Every structure is written in structure tokens, then in C-alpha cells.
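Take a look at the letters that make up each chain.
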Amino acid sequence: LMNAALNLEMVIFDSSAYTRSLLSERLARLADCSLHAHEAWLERPLEKLLAHASVVLLNHHVTDAPPFDFLRQIKRALPHSLVVVICSPGAPRRALEALHSEHPCIDRLFDKPIDLEQLSEFLSERINSLRQQQKLNSEHLNLLRFLPTGALRRIFAQPTPGSAELFDMTVLFTDIRDSTQLIVRESARAYFANLNRVLASQAELIRRYDGMVVKTTGDGLLAVFEGAARCHLALKCASAIQHSDEAKSTPVGIGISDGLVLTGILGTAEHFHFDVIGAHVHLAARLCSKAAAGEILATQDVATKARFDFDSRPVQDEIEVRGFNETVPCIHIKI
């Protein structure tokens, strides 16, 4: 996807076949930039024609129709594109300058006769800048995949070690069952590759259901869900994890709890990380440790708030967790 995003596209409009071929031949040498040349821009579906254009080059001839509406349309449709116009000096240039003064829509005007060397140098520099900007945007989007959403962003706005806030959250733990046997049966490298595959699959499902992966926990991970539908989303996510191909080959147990947790930044100025702590984090971890392979253990409170049908049965033994004065009603869930 990143490579596709970095593939820039240039569209040339020139009613003269001769100059169109000269421009196409010269500008086709610009590295990593696909080029499309068209005879005219009138009566064309611009949305499709310019859908992926990063650079639009118009070689305007005095015999052409005025391109004012066309240039305005380009900037409305592609506000971040580079629009370059080649025109005759004198009245045609003054008309285009007046248009740009009233409706900014031209990034650079070149006078005729065109200096192909100068045009190529300018476009090469600007295309490199566009490519660098796209790379930064792509890296930024990739980084956002690891950052929290919603109210949690307040914590990351000023990531100071020791800063923390209380949030109502649904906490989900996963853990691979019989991991010791898997380590003994497989080589360390094979086990690590399999572990990475399983956790990556779980993380993808957690993001799909609007959750956030807080951290990996050896053979599993810890995730949290925010918002009014957090219990519903957490249970749907847990079900998706248990029905995934990865869970069929490498069974996991899942524990879920919901309530007030403390979220914040732990560590020093040199090294810090985001974490969640609290009684409900301990409870979800405890439920995960008690869950059998392929099973989801959740508090009755989570099941009630989730508001959809599933098969369940009460947990027979009492579950005591530090931070709770009484035992917590919990259920086995099969969605």
C-alpha cells in the first residue's frame, strides 16, 4: 500500500500533437512518475481523469478555449495537486494571472517558447517534494495504527511520565494455551514466528472492532475498548479471535472485564510506555488465566451491557480478585 501511495501521476493536456509528443517524451524521463497525455480537456469526466493526478500540466494555445473553469475545477477537486500552465506571453499570460489573483488555482506559469530543460528541472524538484510529503503522510498513517483513539488521545497529547487519567473501559486479555508444549515441540525460531502470526492476527481484529492493543504479555496481549458500545465490541472481537484460523491451530483463552481503570504513561523521560492498571485489569487477567482453550470468560456485567444473545453458563467456582470486596459473578460465553 505504501508503494502504491508513493506512485505519483502526471496528466498533460495539449491540443497540439507535436508539442504534446515533445512534452511526453521529455517528461516521461522523470523517475517513478506515471504520465498520461490528452489532446483536450473539454467535455471530459474530470473526476475520473484526474482521480489520482499529483501533477497537472496544461499547455495552453491561443486557439484553445479559455481554460479558466477547467483550472478552477482542478483545484477544487485536487487542492493539493501541482498545477502548471504553459502559455504565450502578453494578453494570455495577463488573463491567467488575473484568474489566479481572484481564484488561486495555478502553481507555476511558464512562458512560450518553453525551455524543456527548465521545465524538467522544476517538475523534478517538485515531484521529489511531493514524493517526500507522501512518504511522511504514509509513515504518519502507519504510526496512527499504534496510537489510541477517542478520549485516550488526551494522554498522548502530552506524554509526560507519571501523567494518568481514569476511564471506563472494557479490558480484554488473551493468552495462548499450552505454550510450553509448543516451545518444546517446535524450534525457538518457529515458535516465535508462529507467536508473531497469532498476535498480529489478534491485533488486527482488535483494531477492526475499535479496540486498542496496550501491550503484548508474552504469549498473549492486553487490549482496551472505549465508548458506549465497548462491551459489545469487546465480546464480538473475542468471538472473532476464537473463530479465527490462527486460534484453531493455536488455541487461546480470553478474559474480559469492564469498569474504571487508570491509564497513563509509566517510565522515565528517557524511556516510557503507555499502560493501564486497576482492579478490572487484574480481573480480566485472572479470568484469562482460568479460561480453557477456545473459551471466553467474562463478568456478568460485561454480558449484560453487551446486549446481544449468546450461549452462556455461570462460572461454578468463586473468583476473588484484589480490589473487590466480594466475589465477582462471571460466565463462560459461547457466541
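In the block above lies the structure referred to throughout.
Throughout what follows, the structure given in this document is the object of discussion. What you see is a predicted model, and the numbers here were worked out from it, not measured in a lab.

## Quick notes on the overall build of the chain
Regarding its fold elements, the chain presents 13 helices and 13 strands. Expressed as a percentage of the 335 residues in the chain, the buried residues total 43%. A sequence separation of at least 24 residues applies to 70% of the contacts in the chain between residues at least 6 apart. As displayed, the chain offers around 18,200 Å² of accessible surface, 53% of which is attributable to carbon and sulfur atoms.

## Thoughts on the packing of aromatic side chains
The full count for this structure, using the stated rule, is 2 aromatic pairs. Note on phenylalanine 13 and phenylalanine 70: the rings are 5.2 Å apart at their centroids and 80° apart in plane angle, and the pair reads as edge-to-face. Of the two residues, phenylalanine 13 is situated in strand β1 (residues 8-14) and phenylalanine 70 in helix α4 (residues 68-77); the sequence distance between them amounts to 57 residues. As far as burial versus exposure is concerned, phenylalanine 13 and phenylalanine 70 are alike and both buried. A ring pair is formed by phenylalanine 110 and phenylalanine 122, whose centres lie 5.5 Å apart and whose planes are at 65°; its orientation type is edge-to-face. Within this pair, whereas phenylalanine 110 is found in strand β5 (residues 108-111), its partner phenylalanine 122 is found in helix α6 (residues 116-144), the two being separated by 12 residues in sequence. Here phenylalanine 122 falls in the buried class, since its relative accessible area comes to 11%. For arginine 108, the ring lying beneath its charged end belongs to phenylalanine 110, and the centroid distance is 4.4 Å.

## Description of the side chain of serine 81
Along the chain, serine 81 turns up in the loop between α4 and β4 (82-87). Engagement of the side chain of serine 81 in a polar contact is seen with the backbone oxygen of leucine 78, the distance being 2.8 Å. Each residue touching serine 81, except ones within four places of it in the same chain, is listed here: Ala53, Ser54, Ile74, Lys75 and Asp107.

## Notes on the sheet that holds strand β3 (residues 55-59)
Two modes of strand pairing occur in sheets, parallel and antiparallel, and in both the strands are linked by backbone hydrogen bonds. One open sheet accounts for 5 strands, arranged β2-β1-β3-β4-β5; its pairing is parallel. Here the strands that pair on one side only, and so sit at the sheet edges, are β2 (33-38) and β5. For this sheet, the mean angle separating the axes of adjacent strands, direction not counted, is 15°. The pairing of β3 with β4 spans 5 bridges and is classified as parallel. Of the residues in β4, the one forming a bridge with asparagine 59 is isoleucine 86. Most of the contacts of helix α2 (residues 17-27) go to β1, to which it runs at about 160°, and overall it touches β1, β2, β3 and β4. Contacting β4 and β5, helix α5 (residues 91-102) runs over the sheet at an angle of about 175° to β5.

## Structural notes on the packing of helix α9 (residues 188-208) against helix α10 (residues 230-242)
Viewed as axis vectors pointing N to C, α9 and α10 meet at an angle of 150°, and their least axial separation amounts to 9 Å. One way to sum up the angle between α9 and α10 is to call them roughly antiparallel. Handedness of the α9/α10 crossing: right-handed. Where α9 abuts α10, its residues Gln202, Leu205 and Ile206 lie against Cys237, Ala240 and Ile241. Of the residues that constitute the contact of α9 with α10, the class distribution is 5 nonpolar, 1 polar and no charged.

## A few points about the nonpolar core
In this structure, Phe225, Leu235, Ile254, Ile256, Ile296, Phe310 and Ile333 are the most contacted members of the largest nonpolar core, which totals 31 residues. Listed by contribution, the elements that provide at least two residues to this core are β6 (164-176), α9, β8 (220-225), α10, β9 (252-267), β11 (296-299), α13 (300-306) and β13 (330-334). A total of 8 residues in this core trace back to one element, the largest contributor, which is α10.

## Topic: unusual backbone geometry
Between lysine 112 and the following residue, proline 113, the backbone shows a cis peptide bond with an omega angle of -5°. The residue proline 113 is located in the loop between β5 and α6 in this model. Positive phi outside glycine occurs at aspartate 210, with the angle close to 65°. For aspartate 210, the position within the fold is in the loop between α9 and β7 (211-216).

Cut-off values and rules
Along each chain, numbering runs from 1 in the same order as the chain's sequence is written. Only residues with pLDDT of 70 or above have their local features reported here, since the model is predicted, and side-chain atom pairs are shown and tallied only from 80 upward, although totals for entire chains, interfaces and linings are computed over all residues. Think of the side-chain values as coming from all heavy atoms in the structure, minus any hydrogens and water. Under the scheme used here, helices are H or I runs from DSSP no shorter than 4 residues and strands are E runs no shorter than 2 residues, and both carry numbers assigned from the N terminus. Buried, partly exposed and exposed residues are distinguished by accessible area as a fraction of the type maximum, computed with a 1.4 Å probe on protein chains only: under 20%, between the cut-offs, and over 50%, respectively. Contacts: residue pairs with any heavy atoms within 4.5 Å of one another. Under the convention used here, a 1.4 Å probe and the Shrake-Rupley method define accessible areas, while residue burial counts only the protein chains that appear. We call Phe, Tyr and Trp rings a pair once their centres come within 6.5 Å, taking the six-membered ring for Trp, and we label the pair stacked below 30 degrees between planes, edge-to-face above 60, and tilted otherwise. Over a ring means this: the NZ of a Lys or the CZ of an Arg is within 6 Å of the ring centre and within 35 degrees of the ring normal. Distance and chemistry together define a polar contact, namely a pair of N or O atoms within 3.5 Å, with one atom able to donate a hydrogen and the other to accept it when in protein, and with adjacent residues in sequence counting only for side-chain atoms on both sides. Strand pairing follows a simple DSSP-based rule, namely that at least 2 bridges must link the two strands. Note on method: axes are straight lines fitted to C-alpha atoms, helices fitted across the in-contact stretch only, with angles between N-to-C directions ranging 0 to 180 degrees. The labels follow the angle: roughly parallel below 35 degrees, roughly antiparallel above 145, roughly perpendicular from 65 to 115, and oblique for the rest. For any pair of crossing helices, the crossing counts as left-handed if the nearer helix is rotated counterclockwise from the farther one by less than a right angle, and right-handed if it is rotated clockwise. For this scheme, ten residues count as nonpolar: Ala, Val, Leu, Ile, Met, Phe, Trp, Tyr, Cys and Pro. Four count as charged, namely Asp, Glu, Lys and Arg, and the remainder, Gly too, count as polar. Here, nonpolar core means buried Ala, Val, Leu, Ile, Met, Phe, Trp, Tyr and Cys residues that are tied together by side-chain atoms lying within 4.5 Å of each other.

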